[in-house]
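# Results of the structural survey
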Amino acid sequence: MQSDARGLFDPERIAVVGATERDGAIGRAIMENLERFSGEVVPINPKRDEVFGIQAYTDIESIPDPIDMAVVVVPPQIAVESARTLGENGVKNVVVITAGFGEMGEKGEALERELAEISDEYDLNLVGPNSIGIMSTSADMNASFGPMDALPGSLSFMSQSGAFITAVLDWANDKDIGFNDIVSLGNEAVLDETDFIEFWDEDEDTDVILGYLEGIDNGREFVDTAREVTEETPIVVVKSGRTEAGADAASSHTGTIAGSERAYEAGLEQAGVLRAENVEELFDFARVLAGQPTPEDDEVAVITNAGGPGVMATDTIGDTDLNMAELEDETVEELKEVLPEAANFYNPVDVLGDASVDRFDEAIDIVLQDENVSSAVVISCPTAVVDFEDLAETISSLQDKHGEPVVASLMGGERADVPEQTLREQGIPTYFDPARAVEILESLRTYRDITELEYESPTEFDVDRERAEEILRSVEDRDSDSLGVEAMDLLDAYGIPTPDSAIVNDPGAARDAAEDIEGDVVMKIVSPDILHKSDIGGVKVGVSEADVEETYEELLSVAHDHDANADILGVQVQEMVDMDSGTETIVGMNRDPQFGPMMLFGLGGIFVEVLEDTTVKVAPVSEREAENMIDEIESSPLLRGARGRDPVDESSVVESIQRLSQLVTDFPAISEIDVNPLLASPDGVTAADIRLTVDQDRL
């Protein structure tokens, strides 16, 4: 996005290419919505002298004054030529409403590529095509064909679905939720979600960035940009839809497990983006992030006039990463002075059902000044002695006084409507359900953790890239794109420890290889056509030197019986690894269409498919992210000495994750890879097996 992109949201003069008064035309709807625009609207229509009483021009060249932004609503081919003409005449900001591009097949895709090329040539900030338009309440601008205007506010919202924008606006207007900027992203031929979060980060009028996303064009760029943006500006998205990546059959465990949805979960988490499950939650998060400070820690106090709802809130706090605050002795003594004897002076503080607003006032004031309390939930059921409107004013005043985040639960019907509006105007979220109030507090805690996290760059290890490339290029002489144990040297080239081994093509060579290895050996069939070797008896463990030649012949026989046409590259003779000396883990990668290489780590061996105890992250991963991958699996206690086991050398596991991450980042030709098992022991790690797929077109 160009530096002058403010012209998209604060233009002085807007040209409408295709402006018309014809009933039902989008060009008419655009003109009608721009009636309230604070600047000047310039219609372009070669067949009209004026549109809605405004002088019309035949083309952009005939307009005497500069245009800050153009809205294009003419047919696709004409829209492409219009974009070129606009670029030639110095217009930098263009919104293409017109459909009929990439969403319509090959012909439309070609037009869309041409549109992108023109934008690149003339440095256009181009929104769309296939967009319903954009809005900016600060400029009184509705350059869309949506049926309504937005209310003013501090939320900026982007959507890959135009229909979603119209639905959200209708809903938000009923809820008195306002916006600063709104963008229908359309096909994203030029500007995408990453461009807008970067732009809104610099916008003083935007407090929270919201998005409805069905996909992310460049996941790695999005992650890197969002990480910087969320340090100051919260980002909340609803992400729907799945790509086909996770549905297609994959040739590795990693490919099966690290599907697209998990890629989005990992990518958004690494980006520091809060993910909402639905529209209501999207705006729940938005309200609290825009209106409340972040808590200093996780200690929550509950003040209620009803025991049951207080217990509900307490239970929900127990289900989250929040904690029930332990009130200071001084706080308890002060509460005893102002509350009836039957009240509960500990957290949750029950002011009893006969509590007046004054009693609430005293209790909330005392609790919020407690050093152990970082946030509070105020719950009130309707009674004859409590006035919700007065209580709302009290809650607002005390939140402002103490500066701690507060949410409310006014458990009433219509009588709560006006008080809820009072609280919302003060930025205090309020809900009927106490559990929902607690959950919204947790989103504040999550965002606080995001802002406090310092991201670090991935470690660059000293590796042998030339050797690795030579191994990967070995697939060029094959019919298959798969590599198995014959690629163990690939790991060695990137510093991941492997057992001594050799691949041989006759029994005598197998015996010679075994003589060079101390003790019994493991023997494995080597074939790109046989992926799960142990399932067919293609792996023999604990083979003595005397039995090596016979085992060689047996393995070849088993392989041919399984698949007479299999390409047999030989047999691997490998140093025995004591699998009982450590814990089998898996480190792998699957390349996601949006986010690129997705690193996977978890419990390995035969358990990877049974337990599926794995976690994923977008590569390249830093040391801290690799450490987090270990923390995130449920079986991490097995690595850390559970039930009398010796803890593994965790630093070696962390380093192996990083080294494999560097490998797959260095070589985009690696489509997917499994190192399974990576045996983790107190003495370090050993990669016992490998399987990968290479995209020859990317070598």
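What counts as what
- Residues numbered from 1 in each chain as written.
- Predicted model: local features only at pLDDT ≥ 70, side-chain atom pairs only at ≥ 80, totals over all residues.
- Heavy atoms only, no water.
- Pairing = 2+ DSSP bridges.
- Helix = DSSP H or I, 4+ residues; strand = E, 2+ residues; numbered from the N terminus.
- Axes fitted to C-alpha atoms, helices over the stretch in contact; angles between N-to-C directions.
- Contact = heavy atoms within 4.5 Å.
- Patch = residues over 30% accessible without salt bridge, like charges linked within 9 Å, V, L, I, M, F, W, Y side chains within 5 Å.
- Areas by Shrake-Rupley, 256 points an atom, 1.4 Å probe, with all protein chains shown as cover.
- Salt bridge = Lys/Arg side-chain N within 4 Å of Asp/Glu carboxyl O.
- Lys, Arg positive; Asp, Glu negative; His and termini not counted.
- Charge placed at Lys NZ, Arg CZ, Asp CG, Glu CD.
- Parallel < 35°, antiparallel > 145°, perpendicular 65-115°, else oblique.
- Left-handed = near helix turned anticlockwise from the far one by under 90°.
- Nonpolar A, V, L, I, M, F, W, Y, C, P; charged D, E, K, R; others polar.
- Phe/Tyr/Trp six-rings, centres within 6.5 Å; stacked < 30°, edge-to-face > 60°.
- Buried < 20%, exposed > 50% of the residue type's maximum accessible area, 1.4 Å probe, protein only.
- UniProt positions renumbered as here; feature names shortened; annotations may be inferred.
- Expected span 1.5 Å × (residues − 1).
- Core = buried A, V, L, I, M, F, W, Y, C linked by side-chain atoms within 4.5 Å.
- Domains from an automatic or database assignment.

### Some thoughts on the sheet that holds strand β24 (residues 570-575)
- In spatial order, the strands read β21-β24-β22-β23; together these four strands make up an open sheet with antiparallel pairing. At either margin of the open sheet sits one strand with a lone partner, and together these are β21 (501-504) and β23 (539-543). This sheet shows a mean twist of 20° between the axes of neighbouring strands, independent of strand direction.
- The pairing of strand β22 (residues 521-526) with β23 spans three bridges and is antiparallel. Among the inter-strand pairings, K524 is bridged to a residue of β23, identified as V539.
- Sheet contacts for helix α18 (residues 507-515): β21, β22 and β24; angle to β21, the most-contacted strand, approximately 175°.
- Each of β21, β22, β23 and β24 touches helix α19 (residues 548-562); the most contacted strand, β22, lies at about 30° to it.

### Notes on a negative patch on the surface
- Taken together, the side chains of E198, E202, E221, E228, E231, E232 and E454 define an acidic patch exposed on the protein surface.
- Within the fold, E198 resides in helix α5 (residues 193-201).

### What to know about the packing of α18 against α19
- α19 packs onto α18 with a crossing angle of 130° between their chain directions and a minimal axis gap of 8 Å. Overall, the two elements α18 and α19 adopt an arrangement that is oblique. For the crossing formed where α18 meets α19, the hand is right-handed. Between α18 and α19, the residues in contact are P507, G508, A510, R511 and A514 and V548, E549, Y552 and E553, respectively.
- Here the contact of α18 with α19 is built from residues that sort into five nonpolar, one polar and three charged.

### Thoughts on unusual backbone geometry
- A cis amide bond links N347 to the next residue, P348, at an omega of 5°.
- Secondary-structure assignment places P348 in the loop between α11 (329-338) and β17 (349-350).
- The amide bond that connects A619 to the next residue, P620, takes the cis arrangement and shows omega of 0°.
- Look at D123: it is not a glycine, yet its phi comes out positive at around 55°.
- Within the secondary structure layout, D123 lies in the loop between α3 (106-122) and β7 (125-127).

### Details of the packing of aromatic side chains
- Scanning the entire structure with this criterion turns up 11 aromatic pairs.
- Here the aromatic rings of W171 and F283 are separated by 5.3 Å at their centres, their planes lie at 40°, and the arrangement is tilted. Of this pair, W171 sits in helix α4 (residues 162-174) while F283 sits in helix α9 (residues 279-291), and the two are 112 residues apart along the sequence.
- Of the residues examined, W171 reaches a relative accessible area of 24% and is grouped as partly exposed.

### Details of the UniProt feature "domain: CoA-binding" (unreviewed entry) in the chain
- Here, UniProt's "domain: CoA-binding" (unreviewed entry) annotation points to residues 8-101.
- With 22% helix and 23% strand, the stretch residues 8-101 has end C-alpha atoms that lie 22 Å from each other.

### Side note on helix α23 (residues 650-666)
- Relative to the 24 Å expected for 17 residues at 1.5 Å per residue, α23 spans 24 Å between its end C-alpha atoms, a close match to the ideal helical length.
- Counting buried positions along α23 gives 13 out of 17 residues, so the element sits mostly inside the fold.

### Quick word on the nonpolar core
- Within the largest apolar cluster, 53 residues are counted, with the highest numbers of intra-cluster contacts made by L8, L34, M69, I134, M141, V183 and F196.
- The dominant element in this core, judged by the number of residues it contributes, is helix α8 (residues 260-271), at five residues.
- Split by domain, the residues of this core number at least three in each of domain 1 (6-289) and domain 4 (583-694).

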